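Analysis of the macromolecular model
What follows is the residue order along each chain.
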Amino acid sequence: MLSPLILVINCGSSSLKFALFPLEGRTPVLVGLAECLGQAEASIRIDHAGTRDKRAIANAGHQQALDCLLGRLGEMGLLEPISAVGHRVVHGGERFTGSAPITPEVLADIEACAQLAPLHNRANLIGIFAAMKALPDTPQVAVFDTAFHQTMPPEAYLYALPRLYHSRLGVRRYGFHGTSHRFVAAEAVKLLGLDPDHHGLIIAHLGNGASATAVLNGRSVDTTMGMTPLEGLVMGTRSGDVDFGVLAHIARHEGLDIDGLEALLNKTSGLLGLSGLSGDCRALQEAASQGHAGATEALGVFVHRLVRHIGALAMSLPRLDALIFTGGIGENSALIRGRTLDHLGLLGFELDSAANDTMPRGESGVISRGAGPKAAVLPTNEEWMIAHDTAAIAGLLSNSAQNERLAS
Ligand code: AMP
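Note that the coordinates shown come from a computational prediction; the quantities given were computed from them, not determined experimentally. (Residues numbered from 1 in each chain as written. Predicted model: local features only at pLDDT ≥ 70, side-chain atom pairs only at ≥ 80, totals over all residues. Heavy atoms only, no water.)

Across its full length, the chain holds 16 helices and 14 strands. For 408 residues, the compact-globule estimate of 2.2 N^0.38 gives 22 Å, and the chain sits close to it at 21 Å. Its C-alpha atoms give the chain principal-axis dimensions of roughly 60 × 55 × 50 Å. Carbon and sulfur atoms provide 54% of the accessible area of the chain, an area that totals close to 18300 Å². Across the chain, the centroid of the 31 positively charged side chains sits 1 Å from that of the 40 negatively charged ones. (Helix = DSSP H or I, 4+ residues; strand = E, 2+ residues; numbered from the N terminus. Rg over C-alpha atoms; globule rule 2.2 N^0.38 Å. Areas by Shrake-Rupley, 256 points an atom, 1.4 Å probe, with all protein chains shown as cover. Lys, Arg positive; Asp, Glu negative; His and termini not counted. Charge placed at Lys NZ, Arg CZ, Asp CG, Glu CD.)

The local shell around the ligand consists of G207, N208, D280, C281, R282, Q285, G327, G328, I329, N332, S333 and R361. Contact distances for the ligand include 2.9 Å between an oxygen atom and a backbone N or O atom of N208. Here an oxygen atom of the ligand and a backbone polar atom of I329 are 3.3 Å apart. Protein chains bury 76% of the 510 Å² of accessible surface belonging to the ligand in isolation. Elements supplying a minimum of two residues to the shell around the ligand: α10 (281-289) and α12 (327-332). (Near = heavy atom within 4 Å. Polar contact = N/O pair within 3.5 Å; in protein donor to acceptor, adjacent residues only side chain to side chain.)

Per the stated rule, a full pass over the model turns up two aromatic pairs. When the centroid spacing of 4.1 Å and the interplanar angle of 15° are considered together, the rings of F96 and F144 count as stacked. A residue pair is termed long-range when its members are at least 10 positions apart, and F96 in the loop between β6 (82-89) and β7 (100-101) and F144 in strand β8 (residues 140-144) qualify at 48 residues. No difference in accessibility class separates F96 from F144, as the two residues are buried. Ring centres of F183 and W384 lie 5.9 Å apart, and the angle between their planes is 65°; on these two criteria the pair is classed as edge-to-face. Placement of the pair is F183 in helix α6 (residues 178-192) and W384 in helix α15 (residues 382-393), with a sequence separation of 201 residues. (Phe/Tyr/Trp six-rings, centres within 6.5 Å; stacked < 30°, edge-to-face > 60°. Buried < 20%, exposed > 50% of the residue type's maximum accessible area, 1.4 Å probe, protein only.)

With that settled, consider the UniProt feature "binding site: Mg(2+)" (unreviewed entry) in the chain. If you check UniProt for "binding site: Mg(2+)" (unreviewed entry), the listed places come out as N10 and E382 in our numbering. The greatest C-alpha distance among the annotated residues, which extend across 373 residues, is 10.3 Å, indicating that they converge on a single site. Turning to its location among the elements, N10 is positioned in strand β1 (residues 5-11). Those residues within four positions of N10 in sequence are excluded, and the remaining contacts are S15, L16, K17 and R88. Relative to the helices and strands, E382 is located in helix α15. The class for E382 is buried, based on a relative accessible area of 18%. Look past the residues within four positions of E382 in its chain and what remains in contact with it is T179, S180 and H205. (UniProt positions renumbered as here; feature names shortened; annotations may be inferred. Contact = heavy atoms within 4.5 Å.)

Written as structure tokens, this is what we have:
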């Protein structure tokens, strides 16, 4: 009999990311990306067994991309073993406190949560419907970015707005990147030998999107993103926190409407807007090293905002054992990590420059010294976490196997 595989699907508005995981181990047997969906230059790329297969799929939408993927998996003999499909779903509102098997009721709830994240959830739903159509007899599971943060207390999740907006429109802070924060928090406990029932962590997930979370004994108690993934830290093209008065001022003077403001804050702000050059941290580091003033200042604002939020998150915890860096920037930028830790002396952090500068790509390790809280790098693995939840909910793991896998 073929070993079961879990297909993980992450559907964006014009992209489809996918990975195929075995039940044992955390390394996918196949990963890939279909991008520019709906456009003439649409393509699909599959990495498997050390080779990359890239094909044009002109004007293909999500359904065609998924059909193409499943066709290729069939040719490779990898279709039959797919025993469950896990979907990343961005917004689970207050309804979802954990991952859920996809049923008609769950679909209706995801649809209802789309009010809070129209672009994201609708794209996720397209992926779910395409997968249900292509694999009608295979269990499908939804894994929510917001679910991990449902343990936040009201003082952390309420905005200081009239209460009726919470009850009537669901206006509150939800937080995102929860699958990554949950994975990294659990791994940090193992890496640092912490007591699972008595620890306090701050996880800094720094990628194109960025958020930081305070975790107490494995539960999220505060996070930097809000009702949408726009609040908080400076990101690649997103502004993070901005005084609303600024938006009113820009709107009045530039004649921008709500959609224009939303696009400004999401697409042309952050590192891109500040530097006038790029939203990509690596590109900005290179430009800054050659004296580009905008790049230098953009990185300065990024670190300042991050440090300020870490300080604030620490106050949501009764104890602080460690700060963990993850995501593309957190895992790979010794510069950002070093500059961040240099500003956190007040919290007792002491940078180990040699460990920070020599941390190999893709590895976990401690980058601090001294008696204060530890700082560490820990690569995230959201896809594996989705595969794990999916296998557990689809009943493919025995209880002991579930515990073993999480402890491994
Ligand atoms: P992610 O969204 O997690 O894939 O992260 C993307 C971000 O990571 C981009 O801003 C990249 O420039 C940044 N990144 C990736 N590798 C490096 C690196 N070696 N140094 C600095 N930034 C990096």
